[in-house]
Amino acid sequence: MGTRCGHAVPGKGCQPALGVAFRGARGEALRPPSRPGLLVAGIASEWGPRGTYLLDTLRSLFQASSEAELDNVLVLVHLSGGDPAWLGQTTANISGLFGRHIEAGRLLVIGGGLGGAPGPGHPGSPSRGSACGARWAGHRASYALLMNFAHNLSEYFLVMGDRVRCSPEFISSVSRVLWAWRALPWAVLEFSGLRLSGKVVHAGDLGRLASLLLFPADLPIPSLLSEFRLLLAQDAPIRFNPAVFHGSGRGSAAGDPCAPPGEEEEEEEEASGEPDNPAATVLSDMMAAGSAPPQVAYVLNKECYSVLSPVRGNYLAVAWDRPQRVARVAVLTGSEPHGLHLLHQGRVELGLGPWVAGHCGRHSLLGPLVAGRLDQAVFSEARLSCLRLLVLMPQEPWLLVRQIRVWTRPEEADTEPAASGEDAGPAPTRSAARQ
């Protein structure tokens, strides 16, 4: 059977309508759990020449999470492959190692496929042009089936691979970000530099994403996720650091030419060294608590800029002496190590154009502060003129702006002189926000 997008449910977007027969680890028919949660973590695993590290991934996930964190998450695993012995042994191993989580409703293992035979050009069709096309299509179909099963089980869906290590308390890190971004427009949030793992989407968008994954094209999932983001008008990635998912470093793809390309690769971090904080003027309309000027927040030392009773609309801005090719920005508020007097509601904006009366010519959102901080890689080809920390809600009695850190990209040699000293318009900004 082919696929189609099902009926639209108010507030839920387009829902999947696939011909699917789901089964459990023992072959029994399954119905989705009725308890909705915050997050479904979907993992597709298949037998292949490289083997699988699914059990290590699940072990890492559960060991990194507290009981309270796990109460907000359903881990959904889809097994596929042409080796019945592997399928049987894998489900038995999962039941033996993680039976407690299965009984608690935190882990569900499913199997199944598209109902009926695929038509020409659809996933699984033997007539696909690429020698590896059917393999990639099967991988995409596995994630589409996960999404079809999960679309009404939670608010958000997390895409994970089966060769991943999870950072401690990653569920809390993801949850805090989702709360901070709840009222902002976004299609995909990224919690890792891995090309597949760590992507979060709205559950209401799973129908559209599943349909896209089943589109007859020889493309791996990361490429289609990028297309999906663009289709939903998110021009650039939004990525948070430090990454909470990492490649396992095991099982090279060298022996498997049809392995989905790039999914285990981690993008190189552009600005991982010390910040350079280019020369700038620092301005603020907030009431200082002492004699220290706002410049101390931009100096790379342990001094803080202390503010009394900030109100909505107050700002602290950094206007660079010359436009900069910014690679990363970090804004830290509150005291160390206890986090007292942090900014409860605020956001960071980047700007282009001349600085006039507290504003650049044009501002764009970089991201909200999460637990009083933001650390974000910026991927913009435009040279930026300013950074602004904006207060979104009044708070009493204090605010400490601990430090603003900026990393810049090396200047590239210009092959032609600039026509008028002006830079091109703003390019999409990709970000990695540290929580």
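See above for the structure.
Reading guide: rules and limits
- Residues numbered from 1 in each chain as written.
- Predicted model: local features only at pLDDT ≥ 70, side-chain atom pairs only at ≥ 80, totals over all residues.
- Heavy atoms only, no water.
- Salt bridge = Lys/Arg side-chain N within 4 Å of Asp/Glu carboxyl O.
- Helix = DSSP H or I, 4+ residues; strand = E, 2+ residues; numbered from the N terminus.
- Buried < 20%, exposed > 50% of the residue type's maximum accessible area, 1.4 Å probe, protein only.
- Pairing = 2+ DSSP bridges.

(A) View of the pattern of salt bridges. Following the criterion strictly, the structure yields eleven salt bridges and no others. The partner of Asp56 in a salt bridge is Arg59, and the shortest N-O contact between them spans 2.9 Å. Here the residue Asp56 and the residue Arg59 both occupy positions in helix H1 (residues 54-63), the gap between them amounting to three residues, near one helical turn. Judged by relative accessible area, Asp56 falls into the partly exposed class, the value being 29%. The shortest N-O distance in the salt bridge between Asp71 and Arg106 comes to 3.3 Å. Residue Asp71 is found in the loop between helix H2 (67-70) and strand S4 (73-80), and its partner Arg106 is found in the loop between helix H3 (84-103) and strand S5 (107-110); the two are separated by 35 residues along the sequence. Counted as one network, the salt bridges with shared partners bring together Glu67, Asp71, Arg100 and Arg106.

(B) Layout of the pairing of strand S6 (residues 154-160). Of all seven residues in S6, six are buried, a share of seventy percent or more. Inspection of the sheet shows strand S3 (residues 37-46) paired to S6 by six bridges, in the parallel sense. From the neighbouring strand, Gly37 faces S6, where its bridge partner is Ser154.

(C) Quick look at the pairing of strand S20 (residues 384-391). Counting buried positions along S20 gives eight out of eight residues, so the element sits mostly inside the fold. When strand S17 (residues 346-352) meets S20, the two strands line up antiparallel, connected through six bridges. Note that in S20 the partner of Arg347 across the bridge is Leu390.

(D) Region of interest: the sheet that holds strand S13 (residues 287-288). Read across the sheet, five strands follow the order S13-S14-S21-S16-S19 without closing on themselves; strand pairing throughout is antiparallel. Whereas interior strands pair on both sides, the edge strands pair on one side only; in this sheet they are S13 and strand S19 (373-377). Where strand S16 (residues 326-333) and S19 come together, five bridges link them in antiparallel fashion. If you follow Val331 over to S19, its bridge partner there is Leu374.

These values are about where atoms sit, not about what they do.
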